[in-house]
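Examination of the molecular architecture
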Amino acid sequence: MPDRGAAAARVESLRREIEHHAHRYYVLDSPEVSDDAYDALVRELEGLEARWPDLVTPDSPTRRVGAPPSETFEPARHARRMYSLDNAMDFSELDAWFDRIEKDLGRRDCAFVAELKIDGSSLSLTYKEGRLTRAATRGDGTTGENITANVRAVRSVPLRLRDEARPPAAQGALLDTPEDDAHRPWPAIEVRGEVYMPKSSFARLNADQDEAGLPVFANPRNAAAGAVRQKDPSVTASRDLSTFMYQIADPRPLALSRQSEALAWLARAGFRVNPDIRLCASRDEVRDFCETAIERRHDLPYEIDGVVVKVDSFALQDGMGFTARAPRWAMAFKFPPEEKTTVLRAIRVQVGRTGALTPVAEFDPVLVAGSTIARATLHNEDEVRRKDVRVGDTVIVRKAGDVIPEVVGPVPGLRPEGAAEWTMPATCPSCGGPIWRPAGEVAARCTNVACPAQRLERLLHWAGRTAADIDGLGYEITARLVETGGLHDVADFYRLDAEALATLDTGRLKKDGTPIVLGETIAAKLAVSIEASKTRPLPRLLYGFGIRHVGSTVADALAAAFGSIDALVATPAESIAVVDGIGPVIAASVRAFFDNPDNIVVVEKLRAAGVRLVEEQRGPTVPQTLAGLTFVLTGGLVKYSRDEAGAALKALGAKVSSSVSKKTSFVVVGEDPGSKHDRALELGVPVLDEAALDRILQTGEPPRS
Ligand code: AMP
Ligand code: ZN
């Protein structure tokens, strides 16, 4: 067992190593080690921090989500105002700006930096002594909101600046040799940029919002702004957010003289900086950059709504100054909006995994923002009414966030006579069951638990690539299996055998009128895929259940913390909520799922079928010296909270239970113990005081009983 000093040193080097790999992964998008190796480092750090809680610091990589949910956000006054940008709507407006600059400066050789205009939400990050101390929104430019707890959960935001970026020592200072990097002081630094949500995550989030009966986000900007303003930081963590930083509020202490240098410094300091930056020597080069950006915008994984052109030299910038709302030295070249018109042919109602009914517009195919679209979700009944789109209308369509097809509204003058207002059907289009719209929700739902459409969606979710990944099991076969009564819940997949599958009627007919069956070859392959899906990693199965709020990231965190479905099933919501990356909202949702006896039946069926419900060899990185021992904690402890003590014991392999039985190895008794103490005495279970607990945690050695 390491002593405290050795542990402290190990903790620090683990943190450096984890920060390094997180930077490679989240900032540079080029990891050096496997996810497993990274996880192992994090787990070792978690183990050590659990054993020595006093070594935990707020900038530890394990503490990204730690703050409790807040009710409101404190106002955050900006030391320097956060300005908006002036817009150029086309090249002639951009040219007019170049003309003005040339006239003002009296020269033509001004260098510009062209950057993509990321469609996210503005973010200000303050670092004192190299550590993140505050994150704020722009607000009205003078005062924003303090969103530090949430932004800590965004992985590409460094909690500490990298040493490579330390500014040179002040003139005449004693410490100016390179070896003294780590000792030169950091000035206070405020960096600015954009927090954004990738297009794919935005699309997924909106699909989830629809399913949950919640309003959707109009674009990734609103989605990102919404995510950083969550009351519960773990919800922020569950939304896939990233950042691009592009500005240093006051570059002087860093001895930087140009925007291009500032961008390079930001990358050195560990920030994620957009790679599409061009230092342009002429307005033609800027124009060329803009044209390329317009062409490429649909291929980027995040949305951009223009190009920002900035005068490179800070000295020139200072000379130009600001108008009341924007700098004179920068201009946003905005992309033309991409909208098309087409004819709305039908509004069809789809039934989702949780029974949510979604009206979907079907229209004549049109090319919009780089691809052909023919359908768009209308989200819910209110939305259809608000937009007042009717079958037969000529409608304006576009892509929200550059990815999600969206009907903007009808062209009123082109409405055919007699076009009727649309209404939600009174019964489920799949099962004919009753429809219910909960008060305060926008989604109408089919309330029939046996609804085949819902079942189909749930089954497809389980079989999907990011879940159990049953290769070859597509929509058609799954639908047939549901129709023929072979599939009720996800555990039924494991009752299908090759023989039965081979004779599955596909519902199609041969030319001679005989039904086409699946056949032996496909059936055999499918049986192999089903078998292979029994040993998927635990997070994928957790994700596959389709529990509300449990996306891949949350599933990873749950699997890492509990290691098995059984452990999760046995854990009360409060203890789920304390896991890094989880909070009360997610914990309650997980708890509700496993409190439903129907779901436990499915878990048991999966187990009986041989589906692996535990994490694959979860190599403990701390010696499991307490393996096989069960502890119960009662009463108040001085040095630890009960959760911390429990986690520390678990890190050493112990089981921690909430009630005393004959199987209990030890009861740890703190101040004012309750009935558990009496029960321990009654059953003759050995009792330990806090000092004894402390000894166990310090030495890692089991107590002598
Ligand atoms: P607007 O909100 O249209 O006034 O545009 C100004 C906003 O664009 C700024 O507040 C930034 O949040 C955002 N923006 C996105 N990318 C950049 C960039 N590369 N440089 C400067 N601002 C940017
Ligand atoms: Zn139904």
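Residues numbered from 1 in each chain as written. Chains lettered and ligands numbered in written order. Predicted model: local features only at pLDDT ≥ 70, side-chain atom pairs only at ≥ 80, totals over all residues. Heavy atoms only, no water.

**Examining the overall build of the protein chain**
Check the secondary structure of the protein chain and you find 24 helices and 24 strands. The C-alpha atoms of the protein chain give a radius of gyration of 29 Å, which matches the 27 Å a tight globule of 705 residues would have. Burial statistics for the protein chain: of 705 residues in total, 49% are counted as buried. Put simply, 67% of the contacts in the protein chain that link residues at least 6 apart link residues at least 24 apart. In the form shown here, the protein chain has an accessible surface area of approximately 33100 Å², with 52% of it arising from carbon and sulfur atoms. Each charge class in the protein chain can be summarised by its mean position, and for the 89 positive and 101 negative side chains these summaries are 1 Å apart. (Helix = DSSP H or I, 4+ residues; strand = E, 2+ residues; numbered from the N terminus. Rg over C-alpha atoms; globule rule 2.2 N^0.38 Å. Buried < 20%, exposed > 50% of the residue type's maximum accessible area, 1.4 Å probe, protein only. Contact = heavy atoms within 4.5 Å. Areas by Shrake-Rupley, 256 points an atom, 1.4 Å probe, with all protein chains shown as cover. Lys, Arg positive; Asp, Glu negative; His and termini not counted. Charge placed at Lys NZ, Arg CZ, Asp CG, Glu CD.)

**Let's talk about the coordination of the zinc ion (ligand 2)**
Around the zinc ion (ligand 2), the donor atoms from the protein are Cys-428 (SG), Cys-431 (SG), Cys-446 (SG) and Cys-451 (SG), and they sit 2.2 to 2.4 Å away. Around the zinc ion (ligand 2) sit 4 donor atoms, and with donor-metal-donor angles ranging over 97 to 118° the site reads as tetrahedral. Between consecutive donors of the zinc ion (ligand 2), the numbers of intervening residues give the motif C-x2-C-x14-C-x4-C. Judged by its relative accessible area of 0%, Cys-451 falls in the buried class. (Donors = N, O, S within 2.8 Å, 3.2 Å for Na, K, Ca; no water. Tetrahedral: all angles 85-135°; square planar, octahedral: opposite > 155°, others 65-115°.)

**Re the nonpolar core**
Counting residues in each nonpolar core, the largest one holds 55 residues, and the members touching the most others are Trp-462, Phe-493, Leu-558, Phe-594 and Leu-606. In terms of residue count, the dominant contributor to this core is helix H17 (residues 552–562) (6 residues). Domain assignment of the residues forming this core places at least three in each of domain 4 (449–535) and domain 5 (538–609). Among residues more than four places away in sequence, those in contact with Phe-493 are Leu-459, Trp-462, Ala-463, Ile-470, Leu-473, Leu-487 and Ile-530. Trp-186, Phe-202, Ala-224 and Phe-271 belong to the second largest nonpolar core, which has 41 residues in total. (Core = buried A, V, L, I, M, F, W, Y, C linked by side-chain atoms within 4.5 Å. Domains from an automatic or database assignment.)

**Some remarks on the sheet that holds strand S8 (residues 242–248)**
The strand order S5-S4-S7-S8 describes an open sheet built from 4 strands, whose pairing is antiparallel. On the outer flanks of this sheet lie strand S5 (131–136) and S8, each paired with one strand and no other. Going from strand to strand, the sheet's axes swing by 35° on average, the running direction of each strand aside. With 5 bridges connecting them, strand S4 (residues 121–128) and S5 associate as antiparallel partners. Its bridge partner lying in S5, Lys-128 is registered against Arg-131. (Pairing = 2+ DSSP bridges. Axes fitted to C-alpha atoms, helices over the stretch in contact; angles between N-to-C directions.)

**So, the sheet that holds strand S11 (residues 330–334)**
In space, the 5 strands of this open sheet follow the order S2-S11-S10-S3-S9, with mixed pairing throughout. On the outer flanks of this sheet lie strand S2 (87–88) and strand S9 (277–280), each paired with one strand and no other. For strand S3 (residues 112–118) and strand S10 (residues 304–311), the ladder comprises 7 bridges, and the chain directions are antiparallel. Paired with Val-113 across the two strands is Lys-310, which belongs to S10. Where helix H3 (residues 91–105) meets the sheet, its contacts fall on S2, S3, S10 and S11, and the angle it forms with S11 comes to roughly 170°. With respect to the sheet, helix H8 (residues 259–269) is in contact with S3, S9 and S10, its orientation differing from that of S3 by roughly 50°.

**Focus: H8**
In an α-helix, one turn spans 3.6 residues; hence positions three or four apart end up facing the same way. Taken together, the buried positions of H8 are occupied by Gln-259, Ala-262, Leu-263, Trp-265, Leu-266 and Ala-269. Viewed end-on, H8 has its buried residues packed into an arc of 160°, placing them on one side of the element. Contacts made by the buried residues of H8 are with S3, strand S7 (189–196), S8, S9, S10 and helix H10 (314–320). In the stretch just after H8, Gly-270 is the one whose phi turns positive, near 110°. (Arc of directions from axis to C-beta.)

**Section: the pairing of strand S23 (residues 666–669)**
On S23, burial covers both faces: Phe-666 and Val-668 on one face and Val-667 and Val-669 on the other are all buried. Judged from the 4 bridges that link them, strand S21 (residues 630–634) and S23 form a sheet pairing that is parallel. Looking across to S23, one finds that Thr-634 is bridged to Val-669. As judged from the 2 bridges shared by S23 and strand S24 (residues 687–688), these two strands associate in the parallel manner. By the bridge assignment for S24, Val-668 is matched with Leu-688.

**Let's talk about the site of ligand 1**
The immediate surroundings of ligand 1 are formed by 13 residues, with Ser-84, Glu-115, Ser-122, Arg-138 and Glu-194 found nearest. In this structure, Leu-116 approaches ligand 1 through a main-chain N or O atom, which is 3.1 Å from a nitrogen atom. The separation between a nitrogen atom of ligand 1 and a polar main-chain atom of Ile-118 is 3.1 Å. Counting only elements with at least two residues in the shell around ligand 1, the list comes to S3 and S10. Classifying every residue of the shell around ligand 1 by side-chain character gives 5 nonpolar, 2 polar and 6 charged. (Near = heavy atom within 4 Å. Polar contact = N/O pair within 3.5 Å; in protein donor to acceptor, adjacent residues only side chain to side chain. Nonpolar A, V, L, I, M, F, W, Y, C, P; charged D, E, K, R; others polar.)

**Here's the deal with the pattern of salt bridges**
Opposite charge on two side chains makes pairing possible when the charged atoms of those side chains draw close. If you walk through the whole model with that rule in mind, you get 56 salt bridges. Note that Arg-80 is salt-bridged to Asp-250, the shortest N-O span being 3.8 Å. Residue Arg-80 is found in the loop between strand S1 (75–77) and S2, and its partner Asp-250 is found in the loop between S8 and H8; the two are separated by 170 residues along the sequence. For Asp-250, a relative accessible area of 25% translates into the label partly exposed. The salt bridge involving Asp-312 is made with Arg-258; its shortest N-O contact spans 2.9 Å. Remark: Arg-258 occurs in the loop between S8 and H8 and Asp-312 occurs in the loop between S10 and H10; sequence separation between them is 54 residues. You can call Arg-258 partly exposed: its relative accessible area is 33%. Because the salt bridges share partners, they merge into one network encompassing Glu-12, Arg-16, Glu-19, Arg-160, Asp-163 and Arg-166. (Salt bridge = Lys/Arg side-chain N within 4 Å of Asp/Glu carboxyl O.)

**Details of the environment of Ile-101**
Note that Ile-101 resides in helix H3. As for Ile-101 and Thr-484, which are separated by 383 residues in sequence, their C-alpha atoms are 73 Å apart. Other than its neighbours up to four places away in sequence, Ile-101 contacts Gly-106, Phe-112, Val-311 and Met-320.

**Notes on a negative patch on the surface**
Together, Asp-35, Asp-36, Asp-39 and Asp-556 line one region of the surface with negative charge. Broken down by element, the residue count for the negative patch peaks at 3 residues, all from helix H2 (residues 35–51). With respect to the helices and strands, Asp-35 occurs in helix H2. (Patch = residues over 30% accessible without salt bridge, like charges linked within 9 Å, V, L, I, M, F, W, Y side chains within 5 Å.)

**Focus on the packing of aromatic side chains**
Across all of its chains, the model carries 17 aromatic pairs by this definition. Look at Trp-97 and Phe-112: their rings are 5.7 Å apart centre to centre, the planes differ by 50°, and that puts the pair in the tilted class. Here the residue Trp-97 occupies a position in helix H3, and Phe-112 occupies one in strand S3, the gap between them amounting to 15 residues. Taken together, the aromatic side chains of Trp-462, Phe-545, Phe-593 and Phe-594 make up a single cluster linked through ring pairs. When the ring centre of Phe-91 is taken as origin, the NZ or CZ atom of Arg-287, which lies over that ring, is 4.1 Å away. (Phe/Tyr/Trp six-rings, centres within 6.5 Å; stacked < 30°, edge-to-face > 60°. Lys NZ or Arg CZ within 6 Å of the ring centre and 35° of its normal.)

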